[in-house]
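Inside the fold
One letter stands for each residue in the lines below.
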Amino acid sequence: MTHTPTWRRTYDVAERVVAPHAERWVRSGEFARATALALGVRRTVGRRLSGVTAAAWHLVNLPAQTDVQRLRVQIGALDRDVRRLSLQLEQANPGRERSGGQ
Amino acid sequence: MTTHDATGIAGRASQKVVRAGLRARNGARMATGAARPAVGQTPKDVVWRHGRSELWRYRSDEGGDGGPEPRPPLLLVFSLFSRSYILDLRPGNSFVERLLEAGFDVYLLDWGVPDERDAANRLEDYVDDYLPAAVERVREVSGADRVNLLGYCFGSVLALLYAAHHRDAPLRSLTVMTTPVDLDHLGPFGNLTTQGRLDVDSLLDADGNVPPQVIYQGFRSLKPTAAVTQYVDLWQGLWSDDYVASYQALIGWAQDHVPLPGGVARQLAGMLDDNAIVNDRLVIGGDRVHLSDITVPFLTVLANQDHIVPEASAAPLLDLVGSADKHELRLDGGHVGLLVGRTAARTTIPTIIEFLLEKGGRR
């Protein structure tokens with residue numbers, strides 16, 4: 001690919017003009033605030049929707065997906081504590097067989 | 001028109017027809033997902049595992065156990081944001097392969113794919129628990145007293161924090177590549193929490209981690225025109241099987257992120273607010289951590305066209321580290337170009353290997 005086609009040269013010229021402006025925009029405070037706002041709105045809407053569906057499941061005395069997920073995260077936190085403790089024990093007693101080794 | 005001109009025109013026309021056919025074939029292959037390039041192919045064994053993390057030892061023909069001469073151990077520490085196969089992308093274009101050829105006993109600490117069990121993970125988990133255990137395991141397997149440590153991107157930050165927080169760490173040398181240090185120069189990532197006042201919790205998924213799609217969109221926004229340019233590049237090289245295979249491997253990796261543990265994300269937001277690395281305000285496990293406590297032979301590699309960790313973000317590192325024997329290598333290339341491609345093959349990798357052989361080649 002020694003010869004660069006005309007269409008490619010045209011694109012490269014256009015890209016060189018557009019790219020700095022686009023990059024300046026995404027690095028600006030305005031872009032950061034707009035993105036943060038959009039993410040905040042998305043989260044609020046998502047929470048409202050989850051709240052409505054969870055209320056519906058709770059009406060028939062069943063757990064909603066958010067309840068299950070919350071439990072999974074809590075169990076995950078316990079799992080992490082156990083993992084850290086086992087590693088710290090291993091470091092304190094280097095001679096003992098390592099858990100979950102080879 | 002001379003006979004020579006006519007032959008030239010006919011030749012170009014014929015080449016265009018052939019390339020159009022190859023483009024159609026390769027385009028169809030890509031669209032159907034056929035002929036996906038294999039990545040991370042260098043043979044390896046899992047020598048340690050904990051949670052989602054695994055320590056891999058790459059196989060080598062000579063040296064090591066029972067070999068003629070012991071190979072110096074080199075532990076690679078990868079980032080928490082993406083997948084480690086970029087270090088072993090394709091046969092012939094693999095950082096790991098080159099390190100093995102240079103005579104190192106190569107290990108890679110892969111963090112795996114976090115799930116809700118990792119949501120509460122903090123930097124301490126990696127710096128104070130996983131890394132010391134992995135280093136210990138490398139010493140055990142290799143029989144060496146000390147280990148060469150090499151971090152890439154955010155893996156460099158983990159390696160730095162480990163070396164600074166564990167002053168007696170059994171390290172022979174420390175090499176870091178594309179390391180974000182001055183966090184004010186990180187661009188959109190820093191702006192979101194500082195100027196956008198973004199609450200990190202608003203980024204977390206139901207499993208408590210930052211989802212990979214958010215990370216991908218974050219990286220994509222750093223170079224907005226790249227999304228179009230990558231397709232333009234593809235169209236231009238679509239006729240070449242080699243180009244398509246490299247493109248698929250590299251673009252596939254660039255889109256292949258892993259969830260970031262929510263606990264780490266919250267800590268990073270705090271570090272961004274404080275610009276904690278440059279301002280010497282790092283706290284790990286309740287202790288103040290100073291990069292000036294790092295005293296082992298040190299090399300930092302940065303790229304002047306890196307759009308993810310800009311040169312200005314990585315540049316202050318050399319002054320912050322306390323080692324008497326410290327070096328900086330600034331290269332003409334991008335974030336990934338330091339590891340794969342022509343610049344990597346010709347300049348980056350040979351220079352890193354030279355440093356490692358000089359500082360950490362003997363056990």
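To start, this report covers the structure provided alongside it. (Residues numbered from 1 in each chain as written. Chains lettered and ligands numbered in written order. Predicted model: local features only at pLDDT ≥ 70, side-chain atom pairs only at ≥ 80, totals over all residues. Heavy atoms only, no water.)

Overview of the nonpolar core
Residue and element names in this part refer to chain B. Just so we agree on the cut-off: Put simply, a nonpolar core is a bunch of buried Ala, Val, Leu, Ile, Met, Phe, Trp, Tyr and Cys residues held in one set by side-chain atoms that sit within 4.5 Å of each other. Summary of the burial criterion: residues with accessible area below 20% of their type's maximum are buried, those above 50% are exposed, and those between are partly exposed, where the area comes from a 1.4 Å probe applied to protein chains only. Helix numbers and strand numbers start at the N terminus; a helix is a DSSP run of H or I with at least 4 residues, a strand a run of E with at least 2. We call two residues in contact when some of their heavy atoms are within 4.5 Å.
Within the largest apolar cluster, 111 residues are counted, with the highest numbers of intra-cluster contacts made by Leu 75, Leu 76, Phe 95, Leu 158 and Leu 174. Counting residues per element, this core draws most heavily on helix H3 (residues 123-142), at 10 residues. Contacts of Leu 75, omitting those with residues within four sequence positions, involve Leu 55, Tyr 107, Leu 108, Leu 109, Leu 131, Ala 134, Val 135, Val 138, Val 147, Asn 148, Leu 149 and Leu 150.

Notes on the pattern of salt bridges
This is how it is decided: We count a salt bridge whenever a side-chain nitrogen from Lys or Arg sits within 4 Å of a carboxyl oxygen from Asp or Glu.
For the structure shown, the criterion picks out 27 salt bridges over all chains. Arg 83 of chain A is the partner of Asp 79 of chain A in a salt bridge, and the nearest nitrogen-oxygen pair spans 2.9 Å. A residue pair is termed a helical-turn pair when its members lie 3 or 4 positions apart in one helix, as Asp 79 of chain A and Arg 83 of chain A do in helix H3 (residues 65-92) at 4 residues. Given a relative accessible area of 27%, Asp 79 of chain A falls into the partly exposed group. Between Arg 80 of chain A and Asp 125 of chain B there is a salt bridge whose closest N-O contact spans 2.7 Å.

Some words on a nonpolar patch on the surface
All names here are of chain A. Selection rule: Residues enter patches when they are more than 30% accessible in relative terms and free of salt bridges; like-charged ones are connected within 9 Å and nonpolar ones (Val, Leu, Ile, Met, Phe, Trp, Tyr) within 5 Å. The protein chains shown are the only cover counted for residues, whose accessible areas, like all others here, come from Shrake-Rupley with a 1.4 Å probe.
Together, Leu 37, Val 41, Val 45 and Leu 49 make up an exposed nonpolar region whose accessible area comes to about 390 Å². As for its placement among the helices and strands, Val 41 is situated in helix H2 (residues 29-59). For Val 41, a relative accessible area of 47% gives the class partly exposed.

Looking at the packing of H3 of chain B against helix H9 (residues 262-274) of chain B
Residues and elements named next belong to chain B. Rules: As a rule, the C-alpha atoms of each element are fitted with a line to give its axis, helices using only the stretch in contact, and angles between N-to-C directions run from 0 to 180 degrees. The labels follow the angle: roughly parallel below 35 degrees, roughly antiparallel above 145, roughly perpendicular from 65 to 115, and oblique for the rest. When residue character is reported, Ala, Val, Leu, Ile, Met, Phe, Trp, Tyr, Cys and Pro are called nonpolar, Asp, Glu, Lys and Arg charged, and the others, Gly included, polar.
Remark: H3 packs on H9, axes separated minimally by 8 Å, with the N-to-C direction vectors making an angle of 100°. One finds that H3 runs roughly perpendicular with respect to H9. Contacts between H3 and H9 pair Leu 123, Glu 124 and Tyr 126 from the former with Val 264, Gln 267 and Met 271 from the latter. In terms of residue class, the contact of H3 with H9 is built from 4 nonpolar, 1 polar and 1 charged.

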